[in-house]
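For reference, the chains in residue letters:
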Amino acid sequence: MTSRNWVKLFISTLLVGGLTTGVVGFIVRWNEFAPIFTDFDFLEVLSVFFWLIGVGLIFSIISQMGFFAYLTVHRFGLGIFKGLWNPIQIVLILFALFDLVYFRYKAFAGGGDSVIPYIGVAAFLLIVALIVAAIKTKQTNQHAFIPAVFFMVVVTAIEWVPVLRVNEESWLYLMLFPLLVCNTYQLLILHKLNEDSQKQRSNLAQKPSK
């Protein structure tokens, strides 16, 4: 990928993360922010919105760090494990989903609490991952399916760890949705930017040297 497209990806993902958090923040923390809407305090709404955008920029950077780390790990995985890399990714996906349910339940559930909400979060993450992977496969090829699911489940879960450890519900969802949106955006746009970069290099190669 050319440096221009790297910058394009970085800035556009920042915007996606910031705006998504700005909108999602008002939804998931509505009980907290509802009074400023009922009081028609426009300046307060605006200040909270910009604060949420700032938080979203941080989430976006975390997402991009995870994405670039995944690209490196994926390349090493293909080189080292070759045909075994896909089965290894499936095992890691299952392990990550198990962790999201079992260890969170053991750490945070009170006596008599149901495990269903914990299963629901993991199931939601898996469903989103499967949908995104299906879209990615349609855009590229069938070999992209398992890596896409791996990225959307395992990498998102790792990026989500800071608020998973706190387990405060509003922050859980405030971080999860922007991460999913940013990760989806990066995953689905990557091949388009790579194709554009190849075209740019071809055009430069065809230009006569002076």
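Scroll up to find the structure.
The sections below set out a description of the structure shown in this document. As the structure is a computational prediction, the values presented were derived from the model and not from experiment.

A few words now on the overall build of the protein chain. In terms of regular secondary structure, the protein chain is built from 8 helices and 0 strands. The helix and strand sequence of the protein chain, counted from the amino end, reads α-α-α-α-α-α-α-α. Expressed as lengths along the three principal axes of its C-alpha atoms, the size of the protein chain is roughly 65 × 45 × 25 Å. Considering only contacts within the protein chain whose residues lie at least 6 apart along the sequence, 73% involve residues at least 24 apart. Total accessible area on the protein chain stands at roughly 12,100 Å², and carbon and sulfur atoms take up 71% of it.

Considering the arrangement of structural elements, one finds I90 in helix α4 (residues 85-108). Residue classification places I90 among the partly exposed positions, given a relative accessible area of 38%.

This paragraph deals with the side chain of H74. Tracing the chain through its elements places H74 in helix α3 (residues 42-81). Given a relative accessible area of 15%, H74 falls into the buried group. Here the side chain of H74 touches W85 through a polar contact of 3.0 Å, side chain to side chain. Contacts of H74, omitting those with residues within four sequence positions, involve W85, Q89 and P147.

By size, the foremost hydrophobic cluster in this structure holds 47 residues, and its most contacted members are I93, L100, F151, M152, V153, W160 and L187. Of all the secondary structure elements, the ones that give two or more residues to this core are α1 (3-28), α2 (30-38), α3, α4, α5 (116-139), α6 (145-159), α7 (161-166) and α8 (169-206). Excluding anything up to four places from it in sequence, M152 contacts L125, V128, A129, V132, L180, N183, T184 and L187.

In this structure, W30 sits in helix α2. Taking relative accessible area as the criterion, W30 reaches 42% and is therefore assigned partly exposed. Residues W30 and P162 lie 132 residues apart in sequence; the distance between their C-alpha atoms is 22 Å.

Quick notes on the rules
Residues numbered from 1 in each chain as written. Predicted model: local features only at pLDDT ≥ 70, side-chain atom pairs only at ≥ 80, totals over all residues. Heavy atoms only, no water. Helix = DSSP H or I, 4+ residues; strand = E, 2+ residues; numbered from the N terminus. Contact = heavy atoms within 4.5 Å. Areas by Shrake-Rupley, 256 points an atom, 1.4 Å probe, with all protein chains shown as cover. Buried < 20%, exposed > 50% of the residue type's maximum accessible area, 1.4 Å probe, protein only. Polar contact = N/O pair within 3.5 Å; in protein donor to acceptor, adjacent residues only side chain to side chain. Core = buried A, V, L, I, M, F, W, Y, C linked by side-chain atoms within 4.5 Å.

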